[in-house]
2 protein chains.
Amino acid sequence: MNNACIPTRCGILSAASVVGKLEKNGPLGGCFDIHSADDRFGQKTWEKAEAEMQRLALNTALAKGELRQEDLDAIFAGDLLNQCIGAAYGLKDYNVPYFGLYGACSTAAEGLILSSLLVSGGMVQRAAAVASSHNCTAERQYRSPIEYGGQRTPTAQWTVTGAGAFIVGENEHAQALVKGVCPGIVLEKGIRDAANMGAAMAPAAADTLLRFFDSTGKSPDDFDLIATGDLGYEGGDILCEIMALEGVDIRNVYNDCGMMIYSRDTQDTHAGGSGCGCSATVLASYLLPKIAAGALKRVLVMGTGAMMSPQSIQQGEYIPAIGHLVCLTSKEEEEWELC
Amino acid sequence: MNNACIPTRCGILSAASVVGKLEKNGPLGGCFDIHSADDRFGQKTWEKAEAEMQRLALNTALAKGELRQEDLDAIFAGDLLNQCIGAAYGLKDYNVPYFGLYGACSTAAEGLILSSLLVSGGMVQRAAAVASSHNCTAERQYRSPIEYGGQRTPTAQWTVTGAGAFIVGENEHAQALVKGVCPGIVLEKGIRDAANMGAAMAPAAADTLLRFFDSTGKSPDDFDLIATGDLGYEGGDILCEIMALEGVDIRNVYNDCGMMIYSRDTQDTHAGGSGCGCSATVLASYLLPKIAAGALKRVLVMGTGAMMSPQSIQQGEYIPAIGHLVCLTSKEEEEWELC
């Protein structure tokens, strides 16, 4: 069982997304549920704005699924902020058992994996996964306040202002089925450039993907889409190259949420989007409806996370990374066996 | 099911603890597995020392259980550092699926709960829970570097330098049985004094304990010990008072890991110990051997966490808190039914 894909029997009942202005103006702008024109969500600080996004995302996911908080047995939530205050403060008024996660930008997938495992094991009936990032909280914490106008390198990514929430429960009422999960293993391959996280995360993503194919006997041809969370243009290229070197060509079905969420032509975000909110919002509002409609039948979504901190970088450490994989299918694929 | 105790069928196979000098010199000093006389564990920075404690704790727990990393299907780990670098860096050389947690000082219990739920649900065979804190990393991050010699208030607690690791698996080879878990709900009751976390956490601990008794029909008399993680003298008193007001007197069986780990007479730690390492080391090396030996038969252990950050306090926010409960028994209690 160790390191292999774990089969699950559950589904995503509903999902919702909340985004900022740049995301609303991007190519997927029409898909998101809620947005704030000034990225503030009516709050006085960016941190409170991020917490409010988490609250709104979960509230909206519950409403869309015609569920109340009493219908939830667990919440898995996290964000990028020190001590994960986006999740803790944003969700503190929900009277629901709470599991705080820190998976860097892989948090949405980490929460989906744990929700799916608990529901499939019959330990809870319904669980929610919530994750967020905010460009202004992330810039201040990881780099410098946006008012400084610091210049960015070409490999740098743009932290998405966004939150996504997912409700996981039994298959019957699901929009998409969770067929299996392949949790990530922390890997560190000698990258210490915090402005090139795609490169740091690509080997961890490749490791998970290879373990997934190895343990299921499937190949990229079995899927309509393999979407990573936020490798961006730089990391996405590296992932495809690593996979090709391992004899697994994913280029035909590969995409990255960080490449989908912004327009490369009209929105200058350098190497693409990043942050917990990147994969969370793209999955909740763009990919999931396509799976629900059967336009995408079999999809691998992999949350990717760089597990360093500003302090670990200052101390000269390399960047450990992780890739958490979830296999989703449309309901028509109920009979299709993954593993 | 929502908010109630969840029955589990699994046990703790082995556990280990790693501590610093002050803890080694305390009343439980003889119990711990590994210690460093200078709190540095051979590392150049406090953060690297904390990461090394995590590595040592898991390594030792595996060795004590005659297990190898290949025998683990999942690791749940976390700490108090920004972006949880103690866990991510400390455990990055383990080739095991990794779930990063942020539960503040409740992390060991949060990891035990998730390990127990996954093992009981049959989703994994064996999982590890690891948590750490280091006095010098915590002081620097939450307050000021220890070199400043800042004065502490009487309600302040002392962050434990320590890491604990637990391996959860099937009952057969267990030292202690995990009979049930009651995950915490985030609560915030208007405390914003970051030097009085016991007061902030006590209401959340009471909430979990009341839900536990309510859903199981048990009472404090059914247990030999109810141990909270790190409420300390201040928070422990408040918890007992809240419980008494609710008609549940726990004083006869109540203790707190933060009150056990240091001597109040000879070690000036003010209101007691705190930090993820507090409950993790006391449970791993003091309580668990007592349960394994049958000296303690039925024990409730509750990890308690204050989910604020220095930034949220600076922004005038209150302190949200959580209490994660695990019900442990000796193997003789195999027939005893919890819920």
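Note that the structure is a prediction, hence the values are computed from the model and not measured. (Residues numbered from 1 in each chain as written. Chains lettered and ligands numbered in written order. Predicted model: local features only at pLDDT ≥ 70, side-chain atom pairs only at ≥ 80, totals over all residues.)

Trainee: Describe in detail the overall build of chain A, supporting the description with residues and values.
Mentor: Tallying secondary structure elements over chain A gives 10 helices and 13 strands in all. Radius of gyration (C-alpha) of chain A: 18 Å, near the 20 Å computed for a compact globule of 339 residues. Overall, the C-alpha framework of chain A stretches about 55 × 50 × 35 Å when taken along its three principal axes. Per-residue burial over chain A gives 65% buried out of 339 residues. (Helix = DSSP H or I, 4+ residues; strand = E, 2+ residues; numbered from the N terminus. Rg over C-alpha atoms; globule rule 2.2 N^0.38 Å. Buried ≥ 20, exposed ≤ 12 C-beta atoms within 10 Å, placed from the backbone.)

Trainee: Break down the interface of chain B and chain A for me, citing the residues and quoting the values.
Mentor: Residue-level contacts link 54 residues of chain B with 54 residues of chain A. Elements that contribute at least two residues to the side of chain B that touches chain A include exactly β3 (74–79), α3 (85–90), β4 (98–100), α4 (107–120) and α10 (310–314) of chain B. Sorting elements by how many residues they give to the side of chain B that touches chain A places α4 of chain B first, with 5 residues. Broken down by class, the residue content of the side of chain B that touches chain A amounts to 29 nonpolar, 18 polar and 7 charged. (Contact = placed C-beta atoms within 7 Å. Nonpolar A, V, L, I, M, F, W, Y, C, P; charged D, E, K, R; others polar.)

Trainee: Break down the environment of E333 of chain A for me, with residues and values.
Mentor: Residue and element names in this part refer to chain A. In this fold, E333 is placed in the segment after β13 (321–329). Spatially, the C-alpha atoms of E333 and K297 are 7.0 Å apart, while their sequence positions differ by 36 residues. Excluding anything up to four places from it in sequence, E333 contacts L177, K297 and R298.

Trainee: Provide a residue-level description of the relation of the copies chain B and chain A, including the pertinent values.
Mentor: Rotating chain B by 180° about the axis while translating it 0.0 Å along that axis superimposes it on chain A, leaving an RMSD of 0.0 Å. Such a combination of turn and shift is consistent with a two-fold rotation axis. When you check the interface residues of chain B against chain A, 100% turn up at the interface there too, and the contact is symmetric in its surfaces. (Least-squares fit on C-alpha atoms with pLDDT ≥ 70 in both.)

Trainee: So, the packing of helix α4 (residues 107–120) of chain A against helix α9 (residues 276–292) of chain A: which residues are in play, and what are the values?
Mentor: When two helices pack together, you describe them by how their axes are tilted relative to each other and by the distance separating the axes. Residue and element names in this part refer to chain A. Between α4 and α9, the shortest axis-to-axis distance is 7 Å and the interhelical angle comes to 60°. Comparing their axes, α9 and α4 come out oblique. Here T107, A108 and A109 of α4 come into contact with α9, specifically with C276, S279, A280 and L283. When the residues that make up the contact of α4 with α9 are grouped by side-chain class, the tally is 5 nonpolar, 2 polar and no charged. (Axes fitted to C-alpha atoms, helices over the stretch in contact; angles between N-to-C directions. Parallel < 35°, antiparallel > 145°, perpendicular 65-115°, else oblique.)

Trainee: Please provide a residue-by-residue account of the environment of N2 of chain A, values included.
Mentor: Note on placement: N2 of chain A falls in the segment before β1 (6–19). Take N2 of chain A: there are 16 C-beta atoms within 10 Å of it, and that puts it in the partly exposed class. Apart from the residues lying within four places of it in its own chain, the contact partners of N2 of chain A are E70, L72 and D73 of chain B.

Trainee: Describe the domain arrangement of chain A, and please don't skip the residues or the numbers.
Mentor: Residue and element names in this part refer to chain A. Domain boundaries in chain A define domain 1 (6–169) and domain 2 (176–332). Each of domain 1 and domain 2 has a C-alpha centre, and these two points are 17 Å apart. Between domain 1 and domain 2, the contact holds 54 residues from the first and 53 residues from the second. Looking at the side of domain 1 that touches domain 2, the elements that each hand over two or more residues are β1, α1 (21–24), β3 (74–79), α4, β5 (127–133), α5 (135–142), β6 (158–159) and β7 (162–169). (Domains from an automatic or database assignment.)

Trainee: Could you give an account of the nonpolar core, with specific residues and numbers?
Mentor: Of all hydrophobic cores here, the largest spans 250 residues; its most connected members are I75 and V130 of chain A together with I75 and V130 of chain B. With residues near it in sequence (within four places) discarded, I75 of chain A still touches L91, Y94, V96, Y98, F99, A128 and V130 of chain A. (Core = buried A, V, L, I, M, F, W, Y, C linked by C-beta atoms within 7 Å.)

Trainee: With reference to specific residues and values, describe the pairing of strand β7 (residues 162–169) of chain B.
Mentor: Residues and elements named next belong to chain B. Of all 8 residues in β7, 8 are buried, a share of seventy percent or more. Covered by surrounding structure in β7 are G162, G164, F166 and V168 together with A163, A165, I167 and G169, the residues of both alternating faces. Judged from the 8 bridges that link them, strand β1 (residues 6–19) and β7 form a sheet pairing that is antiparallel. Bridging from a neighbouring strand, A15 pairs with F166 of β7. Note that strand β5 (residues 127–133) and β7 share 7 bridges and pair antiparallel. In the sheet register, A129 faces β7, and the bridge partner there is F166. (Pairing = 2+ DSSP bridges.)

Trainee: Outline α5 of chain A, listing residues and values.
Mentor: Inspection of α5 of chain A places N135, C136, T137, A138 and Q141 of chain A among the buried residues, and these make up the whole buried set. Tucked inside the fold, the buried residues of α5 of chain A contact α2 (46–64), β5 and β6 of chain A.

Trainee: Quick one: what's the story with the pairing of β1 of chain A, residue by residue and with numbers?
Mentor: All names here are of chain A. Summarising burial for β1: 12 of the 14 residues are buried, a large majority. Pairing of β1 with strand β8 (residues 176–182) involves 5 bridges; the strand directions are antiparallel. Each bridged residue has a counterpart across the sheet, and for P7 the counterpart in β8 is G180. Bridge count between β1 and strand β2 (residues 34–35): 2 bridges; the pairing is parallel. Residue pairing in the sheet places V18 in a bridge with I34 of β2.

Trainee: So, the packing of helix α6 (residues 197–216) of chain A against helix α7 (residues 232–245) of chain A: which residues are in play, and what are the values?
Mentor: Residues and elements named next belong to chain A. Two numbers describe how α6 lies on α7: the axes approach to 8 Å, and their chain directions differ by 40°. Taken together, the axes of α6 and α7 lie oblique to each other. Of the two possible hands of crossing, α6 and α7 adopt the one that is right-handed. Contacts between α6 and α7 pair G198, A199, M201, A202, P203, A205, A206 and L209 from the former with G232, E234, G235, G236, I238, L239, I242 and M243 from the latter. In terms of residue class, the contact of α6 with α7 is built from 11 nonpolar, 4 polar and 1 charged. (Left-handed = near helix turned anticlockwise from the far one by under 90°.)

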